[in-house]
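# What the coordinates show
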Protein chains: 2
Amino acid sequence: MSQSQSVNRRIVLASRPHGAPTADNFRLEKQDIPTAQAGQLVLRTLFLSLDPYMRGRMSDAPSYAAPVQIGEVMTGGAVSQVVSSNSPEFKPGDRVVGSTGWQDYAVADAKAVKKLEGAALKHPSLALGVLGMPGFTAFMGLLDIGQPQAGETVVVAAATGPVGSLVGQIAKIKGCKVIGIAGGAEKCHYAVEHFGFDQCLDHRAADLDKRLKEACPDGIDVYFENVGGAVFDAVLPLLNTKARIPVCGLVSQYNATGLQEGQDRLSLLASTILRKRLRMQGFIIFDDYGHRYPEFAKQMSEWFEAGKVKFREDIVDGLENAPQAFIGLLEGKNFGKLVVKVSHENN
Amino acid sequence: MSQSQSVNRRIVLASRPHGAPTADNFRLEKQDIPTAQAGQLVLRTLFLSLDPYMRGRMSDAPSYAAPVQIGEVMTGGAVSQVVSSNSPEFKPGDRVVGSTGWQDYAVADAKAVKKLEGAALKHPSLALGVLGMPGFTAFMGLLDIGQPQAGETVVVAAATGPVGSLVGQIAKIKGCKVIGIAGGAEKCHYAVEHFGFDQCLDHRAADLDKRLKEACPDGIDVYFENVGGAVFDAVLPLLNTKARIPVCGLVSQYNATGLQEGQDRLSLLASTILRKRLRMQGFIIFDDYGHRYPEFAKQMSEWFEAGKVKFREDIVDGLENAPQAFIGLLEGKNFGKLVVKVSHENN
């Protein structure tokens with residue numbers, strides 16, 4: 001089943017997950033291709049980005065963004081081609097990036113999408129990775145909140161994912177020692193060989209605490225938080241005085257259905273923040289840093305074109321496979337930036 | 001028993017407390033008055049400051065400062081009078097402030113103490129409160145980390161203590177709505193009437209969560225953390241997006257002997273930091289902001305002399321009563337800045 005020129009396939013939220021999402025939480029629907037009003041574009045999706053934040057939108061718990069409603073199309077960033085345009089700024093064939101959802105076709109306000117530029121013109125899915133939201137997230141979180149200094153030790157998990165791999169590479173550009181954490185020996189090897197991490201530890205192997213301590217003999221100055229859970233537990237005792245913790249995500253917690261029983265470590269975290277004078281700060285990339293996008297785009301393009309930052313993509317074929325790929329993403333099954341190739345034409 | 005001109009009474013750490021300190025943890029000793037080397041001063045203590053951070057120094061758990069060793073004099077800031085000087089910069093009779101400990105007499109390097117100035121010349125104990133370390137703590141923590149904006153809601157506990165009362169007063173100067181929290185109706189009344197808080201809630205009365213929510217209909221933008229525990233629990237759900245939490249102290253936790261059993265809310269705190277994009281940052285005043293002391297001294301003196309900031313002292317008479325007063329401090333028994341009047345002469 002692939003993209004048609006007359007039917008819009010879209011994946012809607014069928015029900016809210018309790019714990020890990022299952023296939024039942026999604027439903028593929030067909031409808032007519034939507035039509036555009038003045039100032040709008042009809043877009044045909046080429047690549048759909050799958051990202052951990054989408055798990056939050058499937059729940060109606062309080063969050064920074066409104067949840068997807070039952071029966072609504074799943075939210076998501078995508079690279080598309082303009083099919084028809086009611087805006088003088090776009091013409092058919094233009095390639096754009098925007099938050100157009102899990103569907104073959106979308107109607108979007110011309111103001112809400114951005115033309116691809118630079119390296120993304122040749123390799124459009126980059127606009128969903130290193131040259132897009134994940135790259136921007138790594139760039140601002142690490143540099144603005146993390147403030148890494150040459151010689152410091154930076155730790156980041158999901159080291160072969162789009163955010164983690166860039167955090168590590170930018171930290172190397174800044175002269176830091178970079179320790180990655182990833183799931184499995186293959187990813188760890190790749191983080192060192194391909195992305196230039198100093199070391200990468202397998203969180204699935206035993207004694208993560210001990211191995212992380214050995215890998216960070218001078219402690220940890222910046223921990224870029226994107227997973228939480230056992231990785232954070234291993235990091236916490238190793239944080240140096242005045243360490244910075246940009247909090248970007250907590251993937252390990254997204255499927256949790258409640259708090260774990262045991263000792264309440266909230267006061268332990270607070271006392272560690274006090275005693276070590278930590279700065280722990282959450283951020284939502286476009287809300288907090290949208291005004292600094294041009295600065296990111298310029299610098300990252302320069303690094304990318306100079307070969308200083310590399311990427312890896314994990315491409316899944318076909319919109320209908322998005323739910324299963326997304327379920328796997330939350331389990332760490334992807335290896336690189338997870339992208340769904342929605343269309344086979346004109347890519 | 002009072003200060004002698006030939007004997008130095010000093011209070012040493014006799015044993016480390018397990019939980020709340022008791023009288024047995026302290027011992028009053030007598031020794032000869034120490035003598036000064038080149039560049040040093042002999043000082044006679046006039047006022048000794050008692051502050052919650054001293055509880056940390058009694059333990060040998062990891063902390064930002066070395067613990068007091070068993071048998072060593074208890075650490076503490078004090079206002080003293082120069083008895084004899086081996087430094088050209090000081091002469092007998094000068095009044096100075098420095099970290100000279102719980103004792104009648106101390107020897108200090110001339111470089112390690114500071115002459116009183118401004119309003120503290122007339123009222124020396126102010127150098128231990130509004131015009132000293134607690135004032136500096138409130139000033140930098142609130143303004144540099146908290147960054148209060150006019151119209152925002154600021155919450156602070158220990159509202160009649162030296163730090164909390166100044167946090168509230170500075171926040172009022174900045175145009176904020178200020179909600180205090182204190183122990184007992186009398187302190188709450190005082191925070192509103194004397195310090196100008198908009199409201200002050202008694203944390204000993206029932207339903208703090210509910211009352212705090214009613215007092216903060218627009219949520220909380222800055223929570224100056226100096227107590228932790230139940231107050232933080234009430235604050236957490238009310239924090240607004242992009243709220244700031246300077247972490248100055250956790251008095252409610254200082255006597256804790258372990259973590260509480262129950263649900264582990266560490267991940268709840270992390271997810272709240274992410275979702276609300278909070279900034280939570282610890283600080284140790286002189287380590288982090290020592291270089292900005294002149295800025296504080298100038299501004300606070302101006303406010304003080306203009307009558308814009310007020311203070312309340314809780315003066316205890318006699319060095320020998322310092323341990324009991326300190327034990328009470330950790331239970332919230334003081335009402336205002338706790339100071340021990342060590343000498344009756346030349347105050």
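Criteria and thresholds
- Residues numbered from 1 in each chain as written.
- Chains lettered and ligands numbered in written order.
- Predicted model: local features only at pLDDT ≥ 70, side-chain atom pairs only at ≥ 80, totals over all residues.
- Heavy atoms only, no water.
- Helix = DSSP H or I, 4+ residues; strand = E, 2+ residues; numbered from the N terminus.
- Buried < 20%, exposed > 50% of the residue type's maximum accessible area, 1.4 Å probe, protein only.
- Contact = heavy atoms within 4.5 Å.
- Lys, Arg positive; Asp, Glu negative; His and termini not counted.
- Charge placed at Lys NZ, Arg CZ, Asp CG, Glu CD.
- Axes fitted to C-alpha atoms, helices over the stretch in contact; angles between N-to-C directions.
- Parallel < 35°, antiparallel > 145°, perpendicular 65-115°, else oblique.
- Left-handed = near helix turned anticlockwise from the far one by under 90°.
- Nonpolar A, V, L, I, M, F, W, Y, C, P; charged D, E, K, R; others polar.
- UniProt positions renumbered as here; feature names shortened; annotations may be inferred.
- Expected span 1.5 Å × (residues − 1).
- pLDDT = per-residue confidence, 0-100.
- Domains from an automatic or database assignment.
- Buried area = accessible area lost by both parts, 1.4 Å probe.
- Salt bridge = Lys/Arg side-chain N within 4 Å of Asp/Glu carboxyl O.
- Polar contact = N/O pair within 3.5 Å; in protein donor to acceptor, adjacent residues only side chain to side chain.
- Core = buried A, V, L, I, M, F, W, Y, C linked by side-chain atoms within 4.5 Å.
- Disulfide = S-S within 2.5 Å.
- Pairing = 2+ DSSP bridges.

If you look chain A up in an unreviewed UniProt entry, it shows as NADP-dependent oxidoreductase from Ewingella americana.

From N to C terminus, chain A includes eleven helices and 16 strands. For the C-alpha atoms alone, the extent of chain A along its principal axes is close to 60 × 45 × 35 Å. By residue count, 55% of the 347 residues in chain A fall in the buried class. Excluding contacts between residues fewer than 6 apart, the proportion of contacts in chain A whose partners are at least 24 apart in sequence is 68%. In chain A, which carries 37 positive and 37 negative side-chain charges, the distance between the mean positions of the two groups comes to 3 Å.

Residue and element names in this part refer to chain A. Axis separation between helix α3 (residues 133-146) and helix α4 (residues 162-173) bottoms out at 8 Å; the angle between their running directions is 45 degrees. As far as their axial angle goes, α4 and α3 are oblique. Viewed along their axes, α3 and α4 form a crossing whose handedness is right-handed. Every residue of α4 that contacts α3 at Pro134, Gly135, Thr137, Ala138, Phe139, Leu142 and Leu143 is listed here: Pro162, Val163, Leu166, Val167, Ile170 and Ala171. Residue composition of the contact of α3 with α4, by class: eleven nonpolar, two polar and no charged.

Glancing now at the environment of Pro162 of chain A. Residues and elements named next belong to chain A. Relative to the helices and strands, Pro162 is located in helix α4. For Pro162 and Phe311, which are 149 residues apart along the polypeptide, the C-alpha to C-alpha distance reads 7.2 Å. Discounting chain neighbours no more than four positions away, the residues touching Pro162 are Pro134, Gly336 and Lys337.

Right, let's get into the UniProt feature "domain: Enoyl reductase (ER)" (unreviewed entry) in chain A. In the numbering used here, UniProt assigns the feature "domain: Enoyl reductase (ER)" (unreviewed entry) to residues 22-340 of chain A. Regarding residues 22-340 of chain A, the helix share stands at 29% and the strand share at 25%, and the terminal C-alpha atoms are separated by 18 Å.

All names here are of chain B. For helix α4 (residues 162-173), which comprises twelve residues, the first-to-last C-alpha distance of 17 Å matches the rise-based estimate of 16 Å (1.5 Å per residue) to within 8%. Among the residues of α4, Pro162, Val163, Gly164, Ser165, Leu166, Val167, Gly168, Gln169, Ile170 and Ala171 are the ones counted as buried. Of the surrounding secondary structure, the elements contacted by the buried residues of α4 are α3 (133-146), β8 (153-157), β9 (177-182), β11 (220-224), α10 (293-305) and β16 (337-341). Just downstream of α4, Gly175 is the residue with a positive phi angle, here 85 degrees.

With that settled, consider the confidence of the model for chain A. Of the residues in chain A, 99% have a pLDDT of 70 or more, and the chain-wide mean is 95. The ipTM, which scores confidence in the relative placement of chains, is 0.91 for this predicted complex, and the corresponding pTM is 0.93.

All right, on to the domain arrangement of chain A then. All names here are of chain A. Once the domains are mapped, chain A shows domain 1 (7-129 + 312-341) and domain 2 (133-286). For domain 1 versus domain 2, the distance between C-alpha centres works out to 28 Å. Of the residues lining the interface, 21 residues belong to domain 1; the matching set on domain 2 comes to 15 residues. Regarding the contact of domain 1 and domain 2, the summed buried area is about 1,500 Å², with carbon and sulfur atoms giving 65% of it. Of all residues in domain 1, Gly129, Arg312 and Phe335 bury the most surface against domain 2, accounting for 33% of the area lost on that side. At the surface where domain 1 touches domain 2, the tally comes to zero salt bridges. Counting across the interface, domain 1 meets domain 2 through four residue pairs in polar contact (both at pLDDT 80 or more). Class assignment of the residues belonging to the side of domain 1 that touches domain 2 gives a composition of nine nonpolar, six polar and six charged.

The subject of this paragraph is the nonpolar core. Formed by 62 residues in total, the largest nonpolar core has its most connected members in Leu212 and Tyr223 of chain A together with Leu212 and Tyr223 of chain B. Residues within four places of Leu212 of chain B in sequence aside, it is in contact with Val155, Ile179, Ile181, Leu201, Ile220, Ala234, Val235 and Leu238 of chain B. Residues Ala119, Leu126, Leu128 and Ile145 of chain B belong to the second largest nonpolar core, which totals 50 residues.

Time to look at the state of the cysteines. Tallied over the full model, the rule gives zero disulfides over all chains. Looking at the unpaired Cys176 of chain A, the closest cysteine sulfur is the one in Cys216 of chain A, lying at 12 Å. In this model Cys200 of chain B remains outside any disulfide bridge; the closest cysteine sulfur is found in Cys188 of chain B, 3.5 Å from its own.

Right, let's talk about the sheet that holds strand β12 (residues 239-247) of chain B for a bit. Across the sheet, twelve strands lie side by side as β10(A)-β9(A)-β8(A)-β11(A)-β12(A)-β14(A)-β14(B)-β12(B)-β11(B)-β8(B)-β9(B)-β10(B); this open sheet has mixed pairing. Since the sheet does not close on itself, it has two edges, and those belong to β10 (199-202) of chain A together with β10 (199-202) of chain B, each with one partner. Averaged over neighbouring strand pairs, the angle between their axes works out to 15 degrees when direction is ignored. Where β12 of chain B meets strand β14 (residues 279-282) of chain B, four bridges bridge the pair, whose relative direction is parallel. Residue pairing across strands places Arg244 of chain B opposite Arg279 of chain B, the latter belonging to β14 of chain B. Running at roughly 175 degrees to β10 of chain A, helix α6 (residues 208-215) of chain A makes contact with β8 (153-156), β9 (177-182), β10 and β11 (220-224) of chain A of the sheet. Of the strands in this sheet, β8, β11, β12 and β14 of chain B are in contact with α3 of chain B, which crosses β11 of chain B at around 145 degrees.

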